[in-house]
Amino acid sequence: MTSSPCAKASGAIVATAAALTLMALPALAIDKPSGEPATRAVSSIDWAAATSAFHEASADDRTLTAAFLATEPDGFDDMAMAVMILGTNTAAGLPAFRGQRDAYTAYYQLEGAQVSVMGSRTHLVDVPGLTFKHEARSYESIGDGADHMLSRFGGSYTLRITCDAPTEDTRCIKPDYLAELAHSLTVVKGADQ
């Protein structure tokens, strides 16, 4: 039994959204389990900078933004952070989207690969027994692909790629591809609405 592309995208969005709570963090481990829950801090968004970036977008990116908004993306109107998607120079088209106020995922199905742009304005703080196993880097291999992490406008963003052939596809092996995608990001929501 095969799934439709929409069903696959929907499943991927749900799985990716579940990963948002750990995005943009180095490898973590709980040394000593504690009964106390972790707390999350909410970042302040620099709406002036996001609005400026929105207005400075190229004409092609503005057309892409309008087309994206015309799809009435799920949860977009309630977003409390700057939303960015891949720009027109990536030829990725329009993403499937799921927003949940302080976090979102934009999902793209490419030839032989899947790319997600994940954004969050919350981060873990005061986690009992939490230690860092290595230093955080902007690029991390994740086995079947890679992540590229960045901060912008007060939010944390991760571009994640997974490849059908992760040991052969250079998009999943070398950091250049994700770095180029990061430079292509265009702001779709640049004001606190």
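Calculation notes
- Residues numbered from 1 in each chain as written.
- Predicted model: local features only at pLDDT ≥ 70, side-chain atom pairs only at ≥ 80, totals over all residues.
- Heavy atoms only, no water.
- pLDDT = per-residue confidence, 0-100.
- Contact = heavy atoms within 4.5 Å.
- Disulfide = S-S within 2.5 Å.
- Buried < 20%, exposed > 50% of the residue type's maximum accessible area, 1.4 Å probe, protein only.
- Helix = DSSP H or I, 4+ residues; strand = E, 2+ residues; numbered from the N terminus.
- Pairing = 2+ DSSP bridges.

Caption draft 1: Region of interest: the confidence of the model for the chain. The pLDDT averaged across the chain works out to 80; a share of 71% of its residues lies at or above 70. The low-confidence segment residues 12–32, where pLDDT is below 50, has 53 contacts with residues more than four positions distant or belonging to other chains.

Caption draft 2: Up close: the state of the cysteines. Here the structure, examined in full by the defined rule, presents one disulfide. Across a sulfur-sulfur distance of 2.0 Å, C163 and C172 are joined as a disulfide pair. Taking the torsion about the S-S bond as the criterion, the C163 to C172 disulfide, at about 95°, is right-handed. Owing to a relative accessible area of 5%, C172 belongs among the buried residues under this scheme.

Caption draft 3: Structural detail: the pairing of strand β10 (residues 145–152). Buried residues dominate β10, accounting for six of its eight residues. Bridging between strand β9 (residues 139–141) and β10 involves three bridges; their strand directions are antiparallel. In the strand pairing of β10, S141 is matched with A146. Taking the residues that link successive antiparallel strands as the turn, the β9-β10 hairpin has three residues, and the phi of G143 there is positive, at about 90°. Two strands pair when backbone bridges link them, and β10 and strand β11 (residues 155–163) are joined in this way by eight bridges, in the antiparallel orientation. Within β11, the position partnered with R152 by the bridge is G155. Joining the antiparallel neighbours β10 and β11 is a turn of two residues, in which F153 adopts a positive phi near 60°.

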